[in-house]
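Structural description and commentary
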Amino acid sequence: MERVPMLAEGYEKLTADLKALRQERPRIVDAIEEARAHGDLSENAEYHAAKERQGQVEAQIAELEDKVTRAQIIDPATLSGNRIIFGATVTVLDDDEKPQRYQIVGQTEADAKQGRISYDSPLGRALIGKQVGEEVEVTVPSGDRFYLVEKIEFI
């Protein structure tokens with residue numbers, strides 16, 4: 001069983017999402033019962049919508065439970081080294097010599113607007129294992145991009 005690396009805050013968010021979905025279960029059951037009371041189920045849009053939502057919620061719960069049980073919580077402050085690994089905060093220079101700062105995080109925590117990229121993203125995969133001074137080439141839909149690793153931090 002493959003572990004799912006994540007930061008503590010990502011784990012907390014997953015467990016909060018899971019709790020919220022579990023709390024939604026009884027409301028869905030009530031909606032199904034109420035729609036059933038309206039009679040003919042073949043033309044009952046409310047019933048079909050509630051059953052569809054129930055399927056979606058159950059699938060999301062199963063997915064989140066799987067991630068939570070396989071979670072490997074990593075604290076970047078306890079890490080060190082001269083190579084980029086999960087949890088590292090990396091400053092790179094792009095083609096225009098503009099510095100960009102990213103933290104390598106899990107898939108569920110990734111948010112490029114906040115400077116958090118997944119270790120499984122094209123840039124994340126290219127950066128893992130690199131050292132300061134190394135150049136990274138990333139192929140993205142808009143073409144090839146080049147980055148120079150300027151700084152590695154564990155914060």
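Here, every reference points to the structure presented above.
Cut-offs applied
Residues numbered from 1 in each chain as written. Predicted model: local features only at pLDDT ≥ 70, side-chain atom pairs only at ≥ 80, totals over all residues. Heavy atoms only, no water. Helix = DSSP H or I, 4+ residues; strand = E, 2+ residues; numbered from the N terminus. Rg over C-alpha atoms; globule rule 2.2 N^0.38 Å. Buried < 20%, exposed > 50% of the residue type's maximum accessible area, 1.4 Å probe, protein only. Lys, Arg positive; Asp, Glu negative; His and termini not counted. Charge placed at Lys NZ, Arg CZ, Asp CG, Glu CD. Contact = heavy atoms within 4.5 Å. 1 Å grid on protein atoms, 1.4 Å probe; cavity = no way out; pocket = protein on both sides within 12 Å on 5 of 7 lines; lining within 4 Å. Points joined across faces, edges and corners; volume = space filled by probe spheres on them. Expected span 1.5 Å × (residues − 1). Polar contact = N/O pair within 3.5 Å; in protein donor to acceptor, adjacent residues only side chain to side chain.

From N to C terminus, the protein chain includes 3 helices and 7 strands. Order of helices (α) and strands (β) in the protein chain, N terminus to C terminus: β-α-α-β-β-β-β-α-β-β. Taking 15 Å as the expected radius of gyration for a compact globule of 155 residues, we find that the protein chain reaches 22 Å, considerably beyond that expectation. Across its three principal axes, the protein chain shows a C-alpha extent of roughly 70 × 35 × 25 Å. Across the 155 residues in the protein chain, those meeting the buried criterion constitute 37%. Treating the 20 positive side-chain charges of the protein chain as one cloud and the 30 negative ones as another, the clouds have centres 4 Å apart.

Within the secondary structure, Tyr 119 sits in the loop between strand S5 (116-118) and helix H3 (122-127). Sequence-wise, Tyr 119 and Gly 106 are 13 residues apart; in three dimensions their C-alpha atoms are separated by 6.2 Å. If sequence neighbours within four positions are ignored, Tyr 119 has contacts with Pro 5, Phe 86, Ile 104, Val 105, Gly 106, Gln 107, Gly 124, Arg 125 and Ile 128.

Evaluated as defined, the whole model comprises 1 cavity of 30 Å³ or more. For the largest cavity, the full set of lining residues is Val 4, Pro 5, Lys 67, Gly 106, Gln 107, Thr 108 and Tyr 119.

Taking 1.5 Å per residue as the helical rise, helix H2 (residues 45-69) with its 25 residues ought to reach 36 Å, and the 36 Å between its terminal C-alpha atoms agrees with that figure. Of the surrounding elements, those touching the buried residues of H2 are strand S1 (4-6), helix H1 (8-36) and strand S2 (71-73). At the N-terminal boundary of H2, the capping side chain belongs to Asn 44, with an oxygen 3.3 Å from the backbone nitrogen of Glu 46.

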